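Residue-level structural notes
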Amino acid sequence: MVSRRALTFILLMFVVGLNLRPAMSSVAPLLTRLQEDAGLSPAAAGILTTLPVLFLGLSAPLAPLLAQRIGSERALSVALGLLASGLILRGLPLQGVLFIGSAMAGVAIGIGGTLLPGLVKRELPESADLLTGLYTMALCFGGALGAGFSVPLMQWLGSWQLSLMSWSLLAIGALLLWITNTSSTQHAQQPISSPSSLLHLLRKPLTWHVMLFMGIQSSMAYIVFGWLPTLLVDRGYDEATAGWTMAVSIMCQLGSALGAPWLARLGKDQRPTLLLVLLSTALGLWMLLIAPLAWKWPGAALLGLGQGGCFSLALSLLVLRTANSRLAGQLSGLVQGGGYTLAAMGPFGVGLMLQAGAGTATIAWLLIILILLCCGFALLAGRKQQLDDQTGELLVHNG
């Protein structure tokens, strides 16, 4: 029977997860409006969509160090406070704050997203992969809210600035819930990991396999978050329809985010499930960006199912490939740091291609080729192996 403490943690995990995507997905449906009102070029718009992902990657390795200094619970409180501040700042009528606020939000998301897998491994280690699926479902739901309500909020509130700022209310609510329910359950700080232990971890090929899979699939996700509505508008959609198409796709991520870890348990390792979700992602992109417009809803569904499963399994690998919560936290920081820094190149690259005059179909085919490359790293990362540091050395256990 699940304890009250465990249920409270699961609820808090879900609420925090809701906040880790609207900062990015809420910008995409407004990007065409931002280019018109704020005079952003495609390259500048690419920078805007890239900044949160880049700073997410740069800040992720700092999360374990912050947690070791002040505790994971307090570190997550800091992240939520920073997120709310960045979301408010980016809507203020001041020069450059749109970019500064987006970068602050990226730092907050990087810290929060890195801490949660280690907390899951600590609180409920036997069900860590399934709970990671639930956490990913919260991320997807939050992303869908950002994509679907961004344009309606602009219409209701009267400006895109207020629409962007309104998401700070969700972060403030999560912060209050988190502080209220974790103030009396702080855990003792763990000994600070030595740089040599992180270097040992980086020397393991498995670390790089997981990192590159995380990076490429995340790049695809943030390209969708940042550019899918714009690419759909180029194909003839209006702003609201493009935003809702992305929202439907993200909503479809909910099922696969929760179901992919269950499906992966049916086999001896995660490779078949990883290839299945990557194939679904590629097929969805083809239907949305290349096939006739009549295929948009099946395409949105397949893209969502694929991307939800990819991200859920990528996070699950952080706990499945480590023997304890401390190592899960270290691997999470390294993989998400390197992976998201790599992922930041995707949205910026699409902006450069659009500025150079590349068509939607050309961009789509390049993304599909990138997915095929990701399949190779999925085959390596999906093998049943585990990193263990109990002996003082990092070992890779098969089985």
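These remarks concern the structure in this document. From a predicted model like this one, the values you see are computed outputs, not experimental measurements. (Residues numbered from 1 in each chain as written. Predicted model: local features only at pLDDT ≥ 70, side-chain atom pairs only at ≥ 80, totals over all residues. Heavy atoms only, no water.)

1. Here we look at the environment of Pro22
Condition: The secondary structure listing takes helices from DSSP runs of H or I that are at least 4 residues long and strands from runs of E that are at least 2 residues long, numbered from the N terminus.
Mapped onto the elements, Pro22 comes out in helix α2 (residues 22-25). For the pair formed by Pro22 and Gly142, sequence separation is 120 residues and the distance between their alpha carbons is 5.7 Å.

2. Here we look at the environment of Leu157
Rules: Working definition: with a 1.4 Å probe on protein chains only, accessible area under 20% of the residue-type maximum means buried, over 50% means exposed, and in between means partly exposed. Here, residues are in contact when the closest pair of their heavy atoms is within 4.5 Å.
Considering the arrangement of structural elements, one finds Leu157 in helix α8 (residues 128-157). The partly exposed category is assigned to Leu157, whose relative accessible area is 39%. Excluding residues that lie within four positions of it along the chain, Leu157 makes contacts with Leu162, Ser163 and Ser166.

3. Notes on a nonpolar patch on the surface
The following threshold applies: Exposure above 30% relative accessible area and no salt bridge define the residues that can form patches, which grow by joining like charges within 9 Å and nonpolar side chains of Val, Leu, Ile, Met, Phe, Trp and Tyr within 5 Å. In these tables, accessible area is a Shrake-Rupley quantity obtained with a 1.4 Å probe, and a residue counts as shielded only by the protein chains included in the view. We define a salt bridge as a side-chain nitrogen of Lys or Arg found within 4 Å of a carboxyl oxygen belonging to Asp or Glu.
Taken together, Ile88, Leu92, Leu94, Leu169, Ile172 and Leu176 make up a surface patch of nonpolar side chains, about 540 Å² in accessible area. Structurally, the position occupied by Ile88 is in helix α6 (residues 72-89). On the basis of relative accessible area, Ile88 is assigned to the partly exposed category, the value being 34%.

4. A closer look at the environment of Asp389
Its place among the elements puts Asp389 in the loop between β1 (385-388) and β2 (395-398). Judged by relative accessible area, which is 11%, Asp389 ranks as buried. In sequence terms Asp389 and Leu327 are 62 residues apart; their C-alpha atoms lie 7.5 Å from each other.

5. Overview of the packing of aromatic side chains
Threshold: Two rings from Phe, Tyr or Trp (for Trp, the six-membered ring) form a pair when their centres are within 6.5 Å of each other. A pair whose planes differ by under 30 degrees is stacked, one over 60 is edge-to-face, and the rest are tilted.
On inspection of all chains with the given rule, the structure shows 3 aromatic pairs. On the basis of an interplanar angle of 70° and a centroid distance of 6.0 Å, the ring pair of Phe149 and Trp244 is categorised as edge-to-face. With Phe149 in helix α8 and Trp244 in helix α13 (residues 239-264), this residue pair connects regions lying 95 residues apart in the sequence. Owing to a relative accessible area of 39%, Trp244 belongs among the partly exposed residues under this scheme. Arranged with centres 5.9 Å apart and planes meeting at 65°, the rings of Tyr222 and Tyr340 form a pair that is edge-to-face.

6. Some thoughts on the packing of helix α1 (residues 4-18) against helix α7 (residues 97-123)
Which entries qualify depends on this criterion: In this analysis, axes come from line fits to C-alpha atoms, helices being fitted only over the stretch in contact, and the angle between any two N-to-C directions falls in the range 0 to 180 degrees. Roughly parallel means an angle under 35 degrees; roughly antiparallel means over 145; roughly perpendicular covers 65 to 115; every other angle is labelled oblique. Note: crossing handedness is left-handed where the near helix turns anticlockwise from the far helix by less than a right angle, and right-handed where it turns clockwise.
Taken N-terminus to C-terminus, the directions of α1 and α7 make an angle of 170°; their axes are 11 Å apart at the nearest point. The angle between α1 and α7 places the two elements in the roughly antiparallel class. Where α1 crosses over α7, the handedness of that crossing is left-handed. Where α1 abuts α7, its residues Arg5, Phe9, Met13 and Val16 lie against Leu116, Leu119, Val120 and Glu123.

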